[in-house]
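# Commentary on secondary and tertiary structure
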Amino acid sequence: MAGHDTVPLARCSNHHEIEPRNIDEKYRQYVTIMNSSPVKSSQSGVHQRLDSVVLRHLKSDWRQPLHQPTINAFEKLLALPGFNAGRNLILDSGCGTGASTRLIAEQFPDSIVIGIDQSADRLSRLGFEEFPCSIGNTFWIRAELASFWRLALENGWQLERHYLLYPNPWPKPAHLSRRWHAHPVFPKMLRLGGQLELRCNWEVYADEFARAVELVCDNAEISRESARNEADWDAIKTPFGSKYGRSGHTLFRVQADLQPCSH
Ligand SMILES: C[S@@+](CC[C@H](N)C(=O)[O-])C[C@H]1O[C@@H](n2cnc3c(N)ncnc32)[C@H](O)[C@@H]1O
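Residues numbered from 1 in each chain as written. Predicted model: local features only at pLDDT ≥ 70, side-chain atom pairs only at ≥ 80, totals over all residues.

## Focus: the site of the ligand
Every one of the 19 residues lining the ligand counts as a neighbour, but Gly94, Gly96, Gln118, Thr238 and Phe240 are closest to it. At the level of secondary structure, the elements contributing two or more residues to the shell around the ligand comprise α6 (145-154) and α9 (239-246). The element best represented in the shell around the ligand is α9, accounting for three residues. When its residues are assigned to classes, the shell around the ligand shows eight nonpolar, eight polar and three charged. (Near = placed C-beta within 6 Å. Helix = DSSP H or I, 4+ residues; strand = E, 2+ residues; numbered from the N terminus. Nonpolar A, V, L, I, M, F, W, Y, C, P; charged D, E, K, R; others polar.)

Structure below.
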C-alpha cells in the first residue's frame, strides 16, 4: 500500500475524517512478533456428531435475540458515507486487525468489503479508535458475527464473496458447537451466498466445514486444497495465516460456490 500521500482519509461513524496511521507498517510489526504451535486435539477426524448437529440446526429456525450493540453498529454502518448495500458485497468475517480486509478490497476494487470482528483490541491495532470506519471501499465494523449475519440476511444482502479466515478452531471435541459449521447460525450464514472461502491450520476443521456445507447445500460446488504459505494461493494474507505459515504449519482452505444453494 502507498504512504499517507495517496491513502484516502478514513471516515468513522461520527462522520469526522481522520488520517489513518500507516497501516502497512502496523501490519508488518504485528505479523513479525508472533509464532505458534500446531493445533492439538484428541479429535483426529470429523466429529462423530457433526452430521446430526448440522442437520438439527438446518431443521430448526434459530431465534436467539440479536446482540444489541451489533444492531447499533449495523445501523451506523448503513449510514456511513460511501456505504451502498446494493453494490457487490464481500465480508471478511472475523477479520482480527482488519489487515486482510484491506488486501481483499485492493483485489476487488469495485466491491464494498466489510471486515467484522468483535474484538476492539484487535481492530484498534491498525490505528482506528472507533467503529464502524472506512477507507475507500474498505469498511470495518466491531460486531458479533452470529447477529451480524442474521441482520445482513434480514436486510436482503446477497454476497459476492465471503471470507472466514482462520476462525478460532475450538479443538476440544466437547466444543464442537462453537466451531462455525456446527453453530446454529451456520445454515443462515450460508444463505448469504456468494463464493465462500474458509482458511485454517487444522485439517479436521477444514474437513468438517466442507462436510457441513455439503449437508446444508447439497448442490454447492466445494473444493479443498492445502499450501505451505498463503502466497501460494493469492495476495490475501492475514496475521494468523502469516504466523502459521512461518511456524511451518500446513494451511487448508475450503472454497464453496453457494450460488446454487437453495436450502
Ligand atoms: C484466530 S483470529 C483470526 C483473525 C484474522 N482473520 C486473521 O487471520 O489474522 C479469529 C478472530 O475471530 C474473532 N471472532 C471470534 N468469534 C467471533 C464472533 N462471534 N464475532 C465476531 N468476531 C469473532 C476474534 O475476535 C478473532 O479476531
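## What to know about the packing of helix α2 (residues 50-59) against helix α8 (residues 203-216)
Put simply, α2 and α8 touch, their axes get as near as 10 Å, and they point 40° apart. For the element pair α2 / α8, the angle class is oblique. Crossing geometry of α2 relative to α8 is assigned as right-handed. Contacts between α2 and α8 involve Leu50, Asp51, Val54, Leu55 and Leu58 from the former and Glu208, Arg211, Ala212, Leu215 and Val216 from the latter. Partitioning the contact of α2 with α8 into residue classes produces seven nonpolar, no polar and three charged. (Axes fitted to C-alpha atoms, helices over the stretch in contact; angles between N-to-C directions. Parallel < 35°, antiparallel > 145°, perpendicular 65-115°, else oblique. Left-handed = near helix turned anticlockwise from the far one by under 90°. Contact = placed C-beta atoms within 7 Å.)

## Observations concerning the environment of asparagine 219
Along the chain, the position of asparagine 219 falls in the loop between α8 and β9 (221-227). With 12 C-beta atoms counted inside 10 Å, the residue asparagine 219 sits in the exposed group. (Buried ≥ 20, exposed ≤ 12 C-beta atoms within 10 Å, placed from the backbone.)

## Some remarks on helix α3 (residues 68-79)
Between the first and last C-alpha of α3 there are 17 Å, a value that for 12 residues agrees with the 16 Å anticipated at 1.5 Å per step. Within α3 the residues assigned to the buried category are Thr70, Ala73, Phe74 and Leu77. The buried residues of α3 all sit within an arc of 105° when viewed along its axis, so they share a single face. Pointing more than 90 degrees away from the buried face of α3 are the exposed residues Gln68, Asn72, Glu75 and Ala79. Those residues of α3 that are buried lie in contact with β6 (138-142) and α6. (Expected span 1.5 Å × (residues − 1). Arc of directions from axis to C-beta.)

## Some points on the packing of α3 against α6
At a minimum axis separation of 9 Å, α3 and α6 run at an interaxial angle of 50°. In terms of axis orientation, α3 runs oblique to α6. Relative to α6, α3 is oriented so that their crossing is right-handed. Across the interface between the two elements, Thr70, Ile71 and Phe74 of α3 pack against Ser147, Phe148 and Leu151 of α6. A per-class count over the contact of α3 with α6 returns four nonpolar, two polar and no charged.

## Topic: the environment of aspartate 207
Inspection of the secondary structure puts aspartate 207 in helix α8. Sequence separation of aspartate 207 and valine 46 is 161 residues, and the distance between their C-alpha atoms is 6.5 Å.

## Considerations on the nonpolar core
Among the nonpolar cores identified, the biggest contains 64 residues, and Ile116, Ile141, Leu190, Ala206, Phe209, Ala212 and Val213 are the most heavily contacted of them. If you tally residues by element for this core, the top one is α8, at eight residues. (Core = buried A, V, L, I, M, F, W, Y, C linked by C-beta atoms within 7 Å.)

## A short note on the confidence of the model for the protein
Confidence along the protein averages 89 in pLDDT terms, with 86% of residues attaining 70 or more. Counting interchain partners and residues more than four positions distant, the pLDDT-below-50 stretch residues 1-6 has seven contacts. (pLDDT = per-residue confidence, 0-100.)

## Here's the deal with the pairing of strand β8 (residues 195-200)
Looking along a regular strand, one sees the side chains alternate between the two faces of the sheet. Two elements, strand β7 (residues 161-165) and β8, share five bridges in a ladder whose sense is parallel. Bridge pairing in β8 places tyrosine 163 opposite glutamate 197. Following the chain from β7 across helix α7 (residues 186-191) to the adjacent parallel β8, one finds a crossover that is right-handed. With six bridges joining them, β8 and strand β10 (residues 251-257) adopt antiparallel strand pairing. Looking at the pairing, cysteine 200 lines up with phenylalanine 252 of β10. (Pairing = 2+ DSSP bridges. Right-handed = clockwise from strand over helix to strand, strands pointing away.)

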